[in-house]
Amino acid sequence: MKFFLDNNLSPALAAGLDALCRGSGTGNQVHHLKSKFPQTTADHIWINALASEGGWAIVSQDGIRKNDLEREALRACGLPIFVLSRQRSRQPYWDKAHNLIRWWPSIEDYVKRVRGGAAVRVPWRFGTGRFEQIRL
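Residues numbered from 1 in each chain as written. Predicted model: local features only at pLDDT ≥ 70, side-chain atom pairs only at ≥ 80, totals over all residues. Heavy atoms only, no water.

Caption draft 1: Structural view of the pattern of salt bridges. Across all of its chains, the model carries six salt bridges by this definition. The partner of Lys2 in a salt bridge is Glu53, and the shortest N-O contact between them spans 3.8 Å. Pair noted here: Lys2 is in strand 1 (residues 2–5) and Glu53 is in helix 3 (residues 43–53), with a separation of 51 residues, a long-range link. Look at Glu53 and you get partly exposed, because its relative accessible area is 43%. With a closest N to O distance of 2.8 Å, Glu53 and Lys36 form a salt bridge. (Salt bridge = Lys/Arg side-chain N within 4 Å of Asp/Glu carboxyl O. Helix = DSSP H or I, 4+ residues; strand = E, 2+ residues; numbered from the N terminus. Buried < 20%, exposed > 50% of the residue type's maximum accessible area, 1.4 Å probe, protein only.)

Caption draft 2: Molecular detail of the packing of helix 3 against helix 4 (residues 68–77). The contact between helix 3 and helix 4 brings their axes to 8 Å, and the two run at 15 degrees. If you check the angle between helix 3 and helix 4, you find them roughly parallel. Considering the relative orientation of helix 3 and helix 4, their crossing is left-handed. Only Leu69, Glu70, Ala73, Leu74 and Cys77 of helix 4 make contact with helix 3, whose side of the interface consists of Asp43, His44, Ile47, Asn48 and Ala51. A class-by-class count of the residues in the contact of helix 3 with helix 4 yields six nonpolar, two polar and two charged. (Axes fitted to C-alpha atoms, helices over the stretch in contact; angles between N-to-C directions. Parallel < 35°, antiparallel > 145°, perpendicular 65-115°, else oblique. Left-handed = near helix turned anticlockwise from the far one by under 90°. Contact = heavy atoms within 4.5 Å. Nonpolar A, V, L, I, M, F, W, Y, C, P; charged D, E, K, R; others polar.)

Caption draft 3: Region of interest: the nonpolar core. In this structure, Phe3, Leu5, Val30, Val59, Phe82, Trp104 and Ile107 are the most contacted members of the largest nonpolar core, which totals 23 residues. Elements that contribute at least two residues to this core include exactly strand 1, helix 1 (11–24), strand 3 (56–60), strand 4 (80–84), helix 5 (93–113) and strand 5 (118–122). Looking at which element gives the most residues to this core, the answer is helix 5, with seven residues. Residues within four places of Leu5 in sequence aside, it is in contact with Leu13, Ala14, Leu17, Val30, His31, His32, Leu33, Val59 and Trp104. (Core = buried A, V, L, I, M, F, W, Y, C linked by side-chain atoms within 4.5 Å.)

Set out below in structure tokens:
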């Protein structure tokens, strides 16, 4: 599976997660928006492109539902979408990185089990938190 980190997450975080995935033996890859598209690419454009390729899961820190084009692209893409909780925005960089790495095996497991598209929120709290379904 290929994971796509939206522009609101650090390219360094994507590179670190990619290295960790390679070391884990899962065969998963992590790419940042900037490694595949120009930074200014509209969300509905890259969402449709990833949907056409298939085999992607999207990870974003924003709600990625800014306008009708984007919402429609998300509904139609058929890809797993992970939206990180808003609590992350108030946290220091290293805490954000640590938290996402703790959640990563659960994210990978969810992608293996889900069929078709699904959008879920990834809570900040790891120990007692669960993915929460998001309506698009």
